[in-house]
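# Analysis of the macromolecular model
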Amino acid sequence: MPRLPTLPALLLCVMAVTPSPSHAQSEEARWKATAARVTIFRDSAGVAHVYGRTDADAVFGMVYAQAEDDFRRIERNYLVALGRLAEVDGEAEMLRDLRQRLFIDEPSLQRHFAASPPWLKALMCGWADGLNYYLKTHPTVQPRLLTRFEPWMALAFTEGSIGGDIESIGLRGLGELYRPTSGTAAPGPEDDDDPPGMPLEPAGSNGFAIAPKNTVNGHALLMINPHTSFYFRPEIHVASGEGLDAYGAVTWGQFFIYQGFNEKLGWMHTSGGGDVVDEYRERIVPCGDRRCYVVGGTPRPLASKTVTLRVKVGDRVEARTVTTWFTHRGPIVRRAEQGGDTAWVSVRLMQNPVAALTQSYTRTKARTWAQFVQAMRLRTNSSNNTVYADAQGTIALFYGNFVPKRDPALDYRGLLDGTDPRVDWQGLHDIDELIRVKNPAGGWIQNTNNWPFSAAGPDSPKQSQYPAYMWSDPENPRGWHAVKVLQGKRDFTLDRLIAAAYDPELTAFEPLLPALVAAYEQLEPSDTLRAPLAEPIGLLKSWDRRFAVASVPTSLAIFWGQELMERAAPRARAANRDVYEFMAAGTSPRERVEALARAVRKLERDFGSWRTPWGEINRFQRLTGDLVQPYDDAKPSIPVPFASATWGSLASFGMRTRANVKRIYGDYGNSFVAAVEFGPKVRAKSVLAGGVSGDPASPYFANQAEAYAAGRFKEVLFYRADVERGAVRRYRPGETH
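Quick caveat, the model's predicted, so the values are computed rather than measured.

### Things to note about the packing of helix 13 (residues 509-521) against helix 16 (residues 579-586)
Contact pair helix 13 / helix 16: the axes reach a minimum separation of 9 Å and the direction vectors enclose 15°. In terms of axis orientation, helix 13 runs roughly parallel to helix 16. As for the relative orientation of helix 13 and helix 16, their crossing is left-handed in sense. In contact with Pro 511, Leu 512 and Ala 515 of helix 13, helix 16 contributes Tyr 580, Met 583 and Ala 584.

### Remarks on the pattern of salt bridges
Summed over all chains, the structure comprises 51 salt bridges. A salt bridge links Lys 32 to Glu 28, with the nearest nitrogen and oxygen atoms 3.7 Å apart. Here Glu 28 and Lys 32 lie together in helix 2 (residues 23-35), a separation of four residues that amounts to about one turn. Residue classification places Lys 32 among the partly exposed positions, given a relative accessible area of 46%. Residue Glu 28 is classed as partly exposed on the basis of its relative accessible area of 25%. Among the salt bridges present, the one from Arg 605 reaches Asp 606, with a minimum N-O distance of 3.7 Å. Here Arg 605 falls in the exposed class, since its relative accessible area comes to 56%. Classification of Asp 606 as buried rests on a relative accessible area of 16%.

### Section: the packing of helix 14 (residues 530-542) against helix 17 (residues 589-607)
Contact pair helix 14 / helix 17: the axes reach a minimum separation of 11 Å and the direction vectors enclose 100°. On the basis of the axis angle, helix 14 is roughly perpendicular to helix 17. Facing Leu 533, Pro 536, Ile 537 and Leu 540 of helix 14, the residues of helix 17 in contact are Val 593, Leu 596, Ala 597 and Val 600. Of the residues contributing to the contact of helix 14 with helix 17, the split by class is eight nonpolar, no polar and no charged.

### With respect to unusual backbone geometry
Residue Arg 379 is not a glycine yet carries a positive backbone phi of 55°. For Asn 449, which is not a glycine, the phi torsion comes out positive at approximately 65°.

### Quick look at the state of the cysteines
Scanning the model with the defined rule gives one disulfide in all. Across the disulfide, Cys 287 is cross-linked to Cys 292 (sulfur-sulfur distance 1.7 Å). On the sign convention where negative is left-handed, the bridge of Cys 287 and Cys 292, at about 80° about the S-S bond, is right-handed. Judged by its relative accessible area of 24%, Cys 287 falls in the partly exposed class.

### Digging into the packing of aromatic side chains
Within the structure shown, the criterion is met by 41 aromatic pairs. Ring centres 5.9 Å apart and planes at 25° place the aromatic pair Phe 71 and Tyr 134 in the stacked group. One end of the pair, Phe 71, is in helix 3 (residues 55-81); the other, Tyr 134, is in helix 7 (residues 118-137), and 63 residues separate them in sequence. Classification of Phe 71 as buried rests on a relative accessible area of 5%. Ring centres of Trp 369 and Phe 398 lie 5.4 Å apart, and the angle between their planes is 20°; on these two criteria the pair is classed as stacked. With Trp 369 in helix 10 (residues 369-376) and Phe 398 in strand 17 (residues 395-399), this residue pair connects regions lying 29 residues apart in the sequence. Each member of the pair, Trp 369 together with Phe 398, is buried. Here the aromatic residues Trp 31, Phe 60, Tyr 64, Phe 71, Tyr 78, Trp 127, Tyr 133, Tyr 134, Phe 149 and Phe 157 are joined through ring pairs into a cluster of three or more. Seen from the ring of Phe 113, Lys 121 lies directly overhead, with NZ or CZ sitting 5.8 Å from the centre.

### Topic: the nonpolar core
Judged by nonpolar contacts, the single largest core of 150 residues is most densely connected at Trp 127, Phe 149, Phe 255 and Phe 261. With 14 residues, helix 3 is the largest single contributor of residues to this core. Other than its neighbours up to four places away in sequence, Phe 149 contacts Phe 71, Trp 127, Ala 128, Leu 131, Asn 132 and Leu 135. Judged by nonpolar contacts, the second largest core, of 79 residues, contains Leu 556, Ala 597, Ala 651 and Tyr 708.

Criteria and cut-off values
- Residues numbered from 1 in each chain as written.
- Predicted model: local features only at pLDDT ≥ 70, side-chain atom pairs only at ≥ 80, totals over all residues.
- Heavy atoms only, no water.
- Axes fitted to C-alpha atoms, helices over the stretch in contact; angles between N-to-C directions.
- Helix = DSSP H or I, 4+ residues; strand = E, 2+ residues; numbered from the N terminus.
- Parallel < 35°, antiparallel > 145°, perpendicular 65-115°, else oblique.
- Left-handed = near helix turned anticlockwise from the far one by under 90°.
- Contact = heavy atoms within 4.5 Å.
- Salt bridge = Lys/Arg side-chain N within 4 Å of Asp/Glu carboxyl O.
- Buried < 20%, exposed > 50% of the residue type's maximum accessible area, 1.4 Å probe, protein only.
- Nonpolar A, V, L, I, M, F, W, Y, C, P; charged D, E, K, R; others polar.
- Disulfide = S-S within 2.5 Å.
- Phe/Tyr/Trp six-rings, centres within 6.5 Å; stacked < 30°, edge-to-face > 60°.
- Lys NZ or Arg CZ within 6 Å of the ring centre and 35° of its normal.
- Core = buried A, V, L, I, M, F, W, Y, C linked by side-chain atoms within 4.5 Å.

These results come straight from atomic positions and should not be treated as a statement about function.
In structure tokens form, the structure reads like this:
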């Protein structure tokens, strides 16, 4: 087990939660004493390297440094996690708060904190102290709501992934079932469904691990390539005198490195894994003066809980009281049709905040495979796979971590019959029962949010050996692409691994373009589309399917693909078919050709010519520190060669924000990216979208933008001697510039 905090940190925690007559003065004295045990270095990229005497000291400094870079994002994350967003953003966020409060409330978090082990309490106290000391020493910073952080708040946000399990619950159905009331009319349900047509930029990430035998230097390599909304995580380095020494991406406001490495091993999470959230159609019946639901023919009374939401309305805050309902499985979240009977839907998902925070933190201190596996045995990472590599040469893929045991004879992909007791979970699978790849003979592992059955080429797990609920994602174009760039290669270095991760092929077009060309060639000579599309088709036929800033075929192919997918995707979903297969074989030849005609017209309308190079369209732009970025075609931006993950680009760059612009401004995809080599000394290179700061006046707001767009990585400073040599500033929390 990694070494955990010792007595001084525990005393700090006791002082933090035990009031005294002069509490405010003693609290400030404690903050200053902790700050004196913390040193922060800023390197030339603005990355904070935080050193503390104890783990709790390091956590104090780590979150203080994050607050320096972007306090607004920290506060926003905890307003969401605590279900308090409507207090500042009004009724539009009320249902989001209600959804959160079905699972998290302050009294339960406080009870969990009280029951936490002393070492974890110490970290949570260091976390709260660091944020409170930042606010004390930065009086011009005005929080929207959270003027004070309490240690128990850290348990509201313990896992760190983008869009946790709770967010799988739709707000529309929640609003139709529960209508929060007050003296004013409650709003209608929020429409949170994905829009029809073109799917949103794919969520997820890439993780690659290379065994020593496939590398020039004989050292294991790890590619850390999260695909998130930009600025969701900065990069940071945190170390203590108690064995903590980790570098990587941290989700704003958390005190553990979410995706990263230490001197001996590294971990990369990719969204996916097994089926971890189940929904149940519950038959609701009256039983006396109560409501009941039926399991195995026997009525059971529903539990209820009153939730009070605070909602900003104009210049005041109103209370909205909601009675919510629960089965033994979890909360009721919407209605469902079931003949003439009343049916509600309940949901079950992972809820174990103390163990989740423990796992998230202790894996950063693991130094061996055995210690890392010990952390994984807590089984609270419900939303991710983990790609792993270490200095002993071990590489691995953990496909999922929290996976409930179920009856394998049942189909868990849809809405389950809650009256059938067989659908209930039967505990959790041990991690040794889950899908895993360790040290495959081929010497490489990949996961791109795809299924695990291509993770290591011929050495991949066999689908027939696992129940269907242990995997939830299909293969995807990035998975095809990853196999291409990893299989059979024996000469990897850090730079060659980076080159593989930025390989420019757009693999989705491999089956799609031949279908388009064939459709075009079926046109009659007199067809009105034949002559206008002859030159575009000629360019696409000769294109090597590789993106480039100067490439016109890249623009044509992507605009054509968008036009075709927008109309084909709803039909593919309705038919339960893979969208790419449907685009190639489920659409008519005429549809494919007409989609190209529309793409040509759109390029001409928006850019003056269909011969517009890709780099004129695909741009990086960061204008403000707003949480939702504005975009402006008239303002400076940077050309970016890599494209949306939709088309198989490993280096992902896509746009989710709906803005009134013609260009594509990336806001989702490659964010923090790092390549790590585990030799006698760890070595790494990294790059970050934009920069670590959310302040446009900061030199670190967009200082990495050019390098990011070019895929040009910087050397990571990991060892303290290197950090001190490369530092442009050294200070303690609370010191002025």
